[in-house]
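# A closer look at the structure
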Amino acid sequence: QVQLVESGGGLVQAGGSLRLSCAATGIIWRINSMGWYRQAPGKQRELVATITSGGNTNYADSVKDRFTISRDNIKNTVYLQMNSLKPEDTAVYYCNVEIDRQYWGRGTKVTVSS
């Protein structure tokens, strides 16, 4: 049974920074891609960033040059460093991990005040 434990959300002022973490626990042979998605109120869930097992990254245009995704393959953990946060970044952020199938975290709320 794989579980994803997210942490790091909270309230921050515009221009501030937050770092999200997501640790995968359980019986894990190999993690393929890891990523973050977000869902703002009244909107569909959207991709924020992904990182492959080889370290290749992909970002949504709206977060390029502000957010950085990274992973620790020993700890089975993915991180999202978010800088220069904007009110439009306010959303629930979900961790996603691909092993034998897709796994989702429960989400961590990020609120950016103007």
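The coordinates are above.
Summarised in this report is the structure supplied together with it. Numbering of residues starts from 1 in every chain and runs along the sequence as written. Totals for whole chains, interfaces and linings use all residues, but because this is a predicted model, local features are given only for residues with pLDDT of at least 70 and pairs of side-chain atoms are given and counted only at 80 or more. Hydrogens and waters are ignored; side-chain quantities use all the structure's heavy atoms.

## Observations concerning the pattern of salt bridges
Spelled out, the test is: We define a salt bridge as a side-chain nitrogen of Lys or Arg found within 4 Å of a carboxyl oxygen belonging to Asp or Glu. Every helix listed is a DSSP run of H or I at least four residues long, and every strand listed is a run of E at least two residues long, numbered separately from the N terminus. For each residue, the accessible area found with a 1.4 Å probe, counting protein chains only, is set against the maximum for its type, and the residue is called buried under 20%, exposed over 50%, and partly exposed in between.
Here the structure, examined in full by the defined rule, presents 4 salt bridges. Arg38 is the salt-bridge partner of Asp89, the closest N and O atoms lying 3.0 Å from each other. Of this pair, Asp89 sits in the loop between β8 (77-82) and β9 (91-98) while Arg38 sits in strand β4 (residues 34-39), and the two are 51 residues apart along the sequence. Given a relative accessible area of 0%, Asp89 falls into the buried group. The partner of Arg66 in a salt bridge is Asp89, and the shortest N-O contact between them spans 2.7 Å. Here the residue Arg66 occupies a position in the loop between β6 (57-59) and β7 (67-72), and Asp89 occupies one in the loop between β8 and β9, the gap between them amounting to 23 residues. We classify Arg66 as buried; its relative accessible area is 10%. A single salt-bridge network, built from bridges that share partners, covers Arg38, Glu46, Arg66 and Asp89.

## What about the nonpolar core?
This is how the line gets drawn: Residues grouped as a nonpolar core are buried Ala, Val, Leu, Ile, Met, Phe, Trp, Tyr and Cys residues, joined through side-chain atoms within 4.5 Å. Residue contacts are defined here by distance: any two heavy atoms, one from each residue, within 4.5 Å place the two residues in contact.
Membership of the largest hydrophobic core comes to 32 residues, with the highest contact counts inside it found for Trp36, Leu80, Met82 and Tyr93. Elements with a contribution of two residues or more to this core: β3 (18-25), β4, β5 (46-51), β7, β8, β9 and β11 (108-113). Not counting residues up to four positions away in its chain, the partners in contact with Tyr93 are Glu6, Leu20, Trp36, Tyr37, Arg38, Val48, Phe67, Leu80, Met82, Gly107, Thr108 and Val110.

## Some points on the sheet that holds β7
Going by this rule: One requirement defines pairing of two strands: DSSP has to find at least two bridges between them. Fitted lines through C-alpha atoms give the axes, limited to the stretch in contact for helices. The angle between two N-to-C directions lies from 0 to 180 degrees.
Reading across the sheet, the 4 strands line up as β1-β3-β8-β7 and stay open at both edges, with antiparallel pairing between neighbours. Here the strands that pair on one side only, and so sit at the sheet edges, are β1 (3-7) and β7. For this sheet the average axis-to-axis angle between neighbouring strands, irrespective of direction, equals 15°. Of the pairings in the sheet, the one linking β1 to β3 comprises 5 bridges and is antiparallel in character. Residue Gln3 lies in a different strand from β3, and its bridge partner there is Thr25.

It is worth stressing that arrangement in space is one thing and function is another; only the former is reported here.
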